[in-house]
Amino acid sequence: MSAEMYSTGYHSITNIDYSSVCISTMRARHGDCSSMTWHQMDIRQLSFPDASFDVVLEKATLDSMMVDEKSPWTVSPQTACFIHQALKEVL
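So, here is what we can say about the structure in this document. Not measured: the values here are computed from a predicted model. (Residues numbered from 1 in each chain as written. Predicted model: local features only at pLDDT ≥ 70, side-chain atom pairs only at ≥ 80, totals over all residues. Heavy atoms only, no water.)

### Quick word on the overall build of the protein chain
The criterion, for reference: Helix and strand definitions here come from DSSP, where helices need a minimum of 4 consecutive H or I residues and strands a minimum of 2 consecutive E residues; each element is numbered from the N-terminal end. Exposure is judged per residue with a 1.4 Å probe applied to protein chains only, and the accessible area is read against the type maximum: over 50% gives exposed, under 20% gives buried, and values in between give partly exposed. The contact definition used throughout considers only heavy atoms, calling two residues in contact when any of these lie within 4.5 Å. Surface accessibility follows the Shrake-Rupley procedure with a 1.4 Å probe radius. Residue values consider only the protein chains on display as shielding. His is not counted, nor are the chain ends; Lys and Arg add positive charge and Asp and Glu add negative charge. A charge is said to be at NZ when it belongs to Lys, at CZ for Arg, at CG for Asp and at CD for Glu.
Within the protein chain one finds four helices and two strands. Listing every helix and strand of the protein chain by position from the N terminus yields α-β-α-β-α-α. A principal-axis box enclosing the C-alpha atoms of the protein chain has dimensions of 45 × 25 × 25 Å. Split into buried and exposed, the 91 residues of the protein chain put 20% on the buried side. A separation threshold of at least 6 residues defines the contact pool for the protein chain, and within that pool the share at least 24 residues apart is 38%. Working note: accessible area of the protein chain is about 7000 Å², and carbon and sulfur atoms make up 56% of it. Here the protein chain carries 6 positive and 11 negative side-chain charges, and the mean point of each set is 4 Å from the other.

Dropping the structure here:
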């Protein structure tokens, strides 16, 4: 998705993934996108200052955090806390 956004004119893109392999692969694949950055990071422990981004597009992060839940409508207190923390940092 980032490469497509970059090619349409959105150049200030920060990509985050838990997997260092994913980050390394994507950084190499899109090395020609000079202003796009790649960071291996856990969404539960982001190292960006508050209000760093104007827009956040989440793609499967919340799904992966809820993999052990029986229902997406009734989540454990721990999962709810993780989701709240991640979304709070976006605001």
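### Considering the packing of aromatic side chains
What counts is decided by this rule: Aromatic rings from Phe, Tyr and Trp, with only the six-membered ring used for Trp, were paired whenever their centres fell within 6.5 Å, and each pair was classed as stacked if the ring planes differed by under 30 degrees, edge-to-face if by over 60, and tilted otherwise.
Tallied over the entire structure, the rule returns one aromatic pair. Taking 5.0 Å as the distance between ring centres and 80° as the angle between the ring planes, the aromatic pair formed by Phe48 and Phe53 counts as edge-to-face.

### Focus: the pairing of strand β1 (residues 13-17)
Where we set the bar: DSSP bridges decide pairing: two strands pair if at least two such bridges lie between them. If the strands point away from the viewer and the path from the first strand over the helix to the second runs clockwise, then the crossover is right-handed.
Note: β1 against strand β2 (residues 36-40), five bridges, orientation parallel. Bridge pairing in β2 links Thr14 to Thr37. Regarding the hand of the β-α-β motif, the stretch spanning β1, helix α2 (residues 20-29) and β2 is right-handed.

### Describing a nonpolar patch on the surface
Rules: Patch definition: residues with relative accessible area over 30% and no salt bridge; like charges joined within 9 Å; nonpolar side chains (Val, Leu, Ile, Met, Phe, Trp, Tyr) joined within 5 Å. For this analysis, a salt bridge means a side-chain nitrogen from Lys or Arg found within 4 Å of a carboxyl oxygen belonging to Asp or Glu.
A surface patch of nonpolar side chains, about 330 Å² in accessible area, is lined by Met1, Val55 and Leu57. Relative to the elements of secondary structure, Val55 occurs in the loop between β2 and α3 (61-65).

### Observations regarding the layout of surface pockets
The test is simple: Here the term cavity refers to a set of points on a 1 Å grid, laid over the protein atoms alone, in which a 1.4 Å probe fits but cannot get out; the term pocket refers to an open set having protein on both sides within 12 Å along at least five of seven lines, with lining residues being those that place an atom within 4 Å of a point. Grid points are joined across faces, edges and corners, and a volume is the space filled by probe spheres set on the points. Gly counts as polar in this scheme, as do all residues outside two lists: the nonpolar Ala, Val, Leu, Ile, Met, Phe, Trp, Tyr, Cys and Pro, and the charged Asp, Glu, Lys and Arg.
Its volume calculated, the largest pocket comes out at about 1500 Å³. Looking at the lining of the largest pocket, the elements that each hand over two or more residues are α1 (2-7), β1, α2, β2, α3 and α4 (77-90). Taken together, the residues of the lining of the largest pocket sort by class into 27 nonpolar, ten polar and nine charged.

### Some thoughts on the environment of Ser20
Relative to the assigned elements, Ser20 resides in helix α2. Taking relative accessible area as the criterion, Ser20 reaches 43% and is therefore assigned partly exposed. Note: C-alpha distance between Ser20 and Glu58 (38 residues apart in sequence) is 18 Å.

### A closer look at the environment of Thr79
Rule in force here: Polar contacts, as used here, are pairs of N or O atoms within 3.5 Å; protein pairs need one atom able to donate a hydrogen and one able to accept it. Residues neighboring in sequence count only if both atoms are side-chain atoms.
Note that Thr79 resides in helix α4. Each C-alpha atom, one on Thr79 and one on Asp68, is 9.3 Å from the other, the two residues being eleven residues apart in sequence. What Thr79 contacts, discounting residues up to four positions off in sequence, is Met65, Met66 and Glu69. Polar side-chain contacts of Thr79 include one of 2.6 Å to the side chain of Glu69.

These results come straight from atomic positions and should not be treated as a statement about function.
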